[in-house]
Amino acid sequence: IAERIFALVTTFVGFVIATWVVSSITTIMTRLEIAAAQDAKRLFSLQEFLVDSKITPRLARRVQRNARHAIQMLKKDKPNLEVLTLISEPLRVELDFEVNAPLLAS
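To start, this report covers the structure provided alongside it. All values derive from a computational prediction rather than experimental measurement.

## Some words on the overall build of the chain
Moving on, step 1. Across its full length, the chain carries three helices and zero strands.
Moving on, step 2. Ordered by position from N to C terminus, the α and β elements of the chain give α-α-α.
Moving on, step 3. In terms of overall dimensions, the chain has C-alpha extents of about 80 × 40 × 25 Å along its principal axes.
Moving on, step 4. A burial count over the chain gives 6% of its 106 residues as buried.
Moving on, step 5. Positive and negative side-chain charges of the chain, numbering 14 and 11 respectively, have mean locations separated by a distance of 12 Å.

Right, here's the structure in full:
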């Protein structure tokens with residue numbers, strides 16, 4: 001009977017861990033999809049504006065390429081960390097100083 005209990009417990013624990021892993025992956029993928037959709041929406045709005053304004057294709061490509069680059073740099077340089085709005089202002093100032101110190105030193 002002890003072997004059956006052990007088998008049931010290990011099966012249950014394995015099931016819980018597998019469920020947790022799958023849900024974590026699903027959450028991460030959903031967040032990535034939402035972020036990508038927001039970027040796509042911004043770029044599509046820009047494209048509509050360029051077409052409506054009758055901008056030449058050459059300039060439109062340059063503007064769109066620059067916009068994509070700007071979005072990538074914005075994500076890289078300052079990720080959207082909502083939790084930073086919760087910390088005190090002096091800590092945020094100190095954090096900004098340390099983040100930008102290499103720029104100030106050069």
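## Looking at helix H3 (residues 89–105)
Moving on, step 1. Between its first and last C-alpha, H3 extends 23 Å over 17 residues, near the 24 Å set by a 1.5 Å rise per residue.
Moving on, step 2. Taking the largest bend as the criterion, H3 deviates by roughly 45°, centred on Val99, and proline Pro102 comes between one and four positions later.

## Some details on a positive patch on the surface
Moving on, step 1. A contiguous patch of positive charge, built from Arg58, Arg61, Arg62, Arg65 and Arg68, is present on the exposed surface.
Moving on, step 2. Examined against the element boundaries, Arg65 turns out to sit in helix H2 (residues 57–77).
Moving on, step 3. What makes Arg65 exposed here is its relative accessible area of 54%.

## Examining the environment of Glu94
Moving on, step 1. As for its position among the elements, Glu94 is in helix H3.
Moving on, step 2. Residues Glu94 and Ile25, 69 residues apart in the sequence, show an inter-C-alpha distance of 34 Å.

## Structural notes on helix H1 (residues 2–52)
Moving on, step 1. Look at H1: 74 Å from first C-alpha to last across 51 residues, which is about the 75 Å you get at 1.5 Å a residue.
Moving on, step 2. Lys54, located one to two residues past H1, shows a positive phi value of around 55°.

## Some thoughts on the side chain of Gln64
Moving on, step 1. Within the element layout of this structure, Gln64 appears in helix H2.
Moving on, step 2. Here Gln64 is in contact with Leu43, Leu46, Gln47 and Leu50, once residues within four sequence places are set aside.

## Regarding the pattern of salt bridges
Moving on, step 1. With the rule as written, the count across this model stands at two salt bridges.
Moving on, step 2. With its nearest N and O atoms 3.8 Å apart, the salt bridge here joins Asp39 to Arg42. Of this pair, Asp39 and Arg42 are both found in helix H1, three residues apart, which corresponds to roughly one turn of the helix.
Moving on, step 3. Arg92 is the salt-bridge partner of Glu89, the closest N and O atoms lying 3.5 Å from each other. Taken together, the positions of Glu89 and Arg92, both in helix H3 and three residues apart, correspond to about one turn of that helix.

## So, unusual backbone geometry
Moving on, step 1. With phi around 55°, Lys54 is a residue other than glycine that occupies positive phi space.
Moving on, step 2. Its place among the elements puts Lys54 in the loop between H1 and H2.

Cut-offs applied
- Residues numbered from 1 in each chain as written.
- Predicted model: local features only at pLDDT ≥ 70, side-chain atom pairs only at ≥ 80, totals over all residues.
- Heavy atoms only, no water.
- Helix = DSSP H or I, 4+ residues; strand = E, 2+ residues; numbered from the N terminus.
- Buried < 20%, exposed > 50% of the residue type's maximum accessible area, 1.4 Å probe, protein only.
- Lys, Arg positive; Asp, Glu negative; His and termini not counted.
- Charge placed at Lys NZ, Arg CZ, Asp CG, Glu CD.
- Expected span 1.5 Å × (residues − 1).
- Bend = angle between axes of the 7 residues up to and from the residue.
- Patch = residues over 30% accessible without salt bridge, like charges linked within 9 Å, V, L, I, M, F, W, Y side chains within 5 Å.
- Areas by Shrake-Rupley, 256 points an atom, 1.4 Å probe, with all protein chains shown as cover.
- Salt bridge = Lys/Arg side-chain N within 4 Å of Asp/Glu carboxyl O.
- Contact = heavy atoms within 4.5 Å.

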